[in-house]
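# Structural description and commentary
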Amino acid sequence: VQLQASGGGLVQAGGSLRLSCAAFGNTLSINSMAWYRQAPGKERELVARIINDGGSTTYADSVMGRFTISRDDAKKGLYLQMNSLKPEDTAVYYCSVGTIWTIYWGQGTQLTVSS
């Protein structure tokens, strides 16, 4: 599976942005999809995850109520709607998908939130 993320950029605090991730290849093998982020000097952290069976979602406490993860039914697209952005949301965002065999990562997309 190959992943291509897009949608990052520079936004002012309080603004909104939507990240997208396109999946290519054996997408039928995907059983979960997620967004992670890594800020400078910090470890990569889970932002949000969606499980394909039933569509249940998990969010980091820091983004709960502000971010929404979604996917298309064909599991070829993953999205992250980000509202009420804060400077501490500044990071490189990575999309990731999991199969029963391994986890795949896309290239990161930079989000910078100015105060």
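### Concerning the overall build of the protein
Check the secondary structure of the protein and you find zero helices and eleven strands. Scanning the protein from its N terminus toward the C terminus, one meets helices and strands in the order β-β-β-β-β-β-β-β-β-β-β. Computed over its C-alpha atoms, the radius of gyration of the protein comes to 13 Å, within 12% of the 13 Å expected for a compact globule of 115 residues. Looking at the protein as a whole, 41% of its 115 residues are labelled buried. Across the protein, contacts joining residues at least 24 apart in sequence account for 51% of those joining residues at least 6 apart. In the structure as shown, the protein presents an accessible area of about 6000 Å², 50% of it carried by carbon and sulfur atoms. Positive and negative side-chain charges in the protein, numbering 10 and 8 respectively, have mean positions lying 3 Å apart.

### A short note on unusual backbone geometry
Apart from glycine, the bulk of residues carry a negative phi angle, and the bulk of peptide bonds sit in the trans form. Despite not being glycine, Ser84 shows a phi value in the positive range, around 50 degrees. With respect to the element layout, Ser84 can be found in the loop between strand 8 (77-82) and strand 9 (91-98).

### Side note on the state of the cysteines
Within the structure shown, the criterion is met by one disulfide. Cys21 shares a disulfide with Cys95; S-S distance 2.1 Å. Taking the sign of the S-S torsion, 55 degrees for the link of Cys21 and Cys95, the bridge is right-handed. Pair noted here: Cys21 is in strand 3 (residues 17-24) and Cys95 is in strand 9, with a separation of 74 residues, a long-range link. Here Cys21 falls in the buried class, since its relative accessible area comes to 4%.

The rules we used
- Residues numbered from 1 in each chain as written.
- Predicted model: local features only at pLDDT ≥ 70, side-chain atom pairs only at ≥ 80, totals over all residues.
- Heavy atoms only, no water.
- Helix = DSSP H or I, 4+ residues; strand = E, 2+ residues; numbered from the N terminus.
- Rg over C-alpha atoms; globule rule 2.2 N^0.38 Å.
- Buried < 20%, exposed > 50% of the residue type's maximum accessible area, 1.4 Å probe, protein only.
- Contact = heavy atoms within 4.5 Å.
- Areas by Shrake-Rupley, 256 points an atom, 1.4 Å probe, with all protein chains shown as cover.
- Lys, Arg positive; Asp, Glu negative; His and termini not counted.
- Charge placed at Lys NZ, Arg CZ, Asp CG, Glu CD.
- Disulfide = S-S within 2.5 Å.

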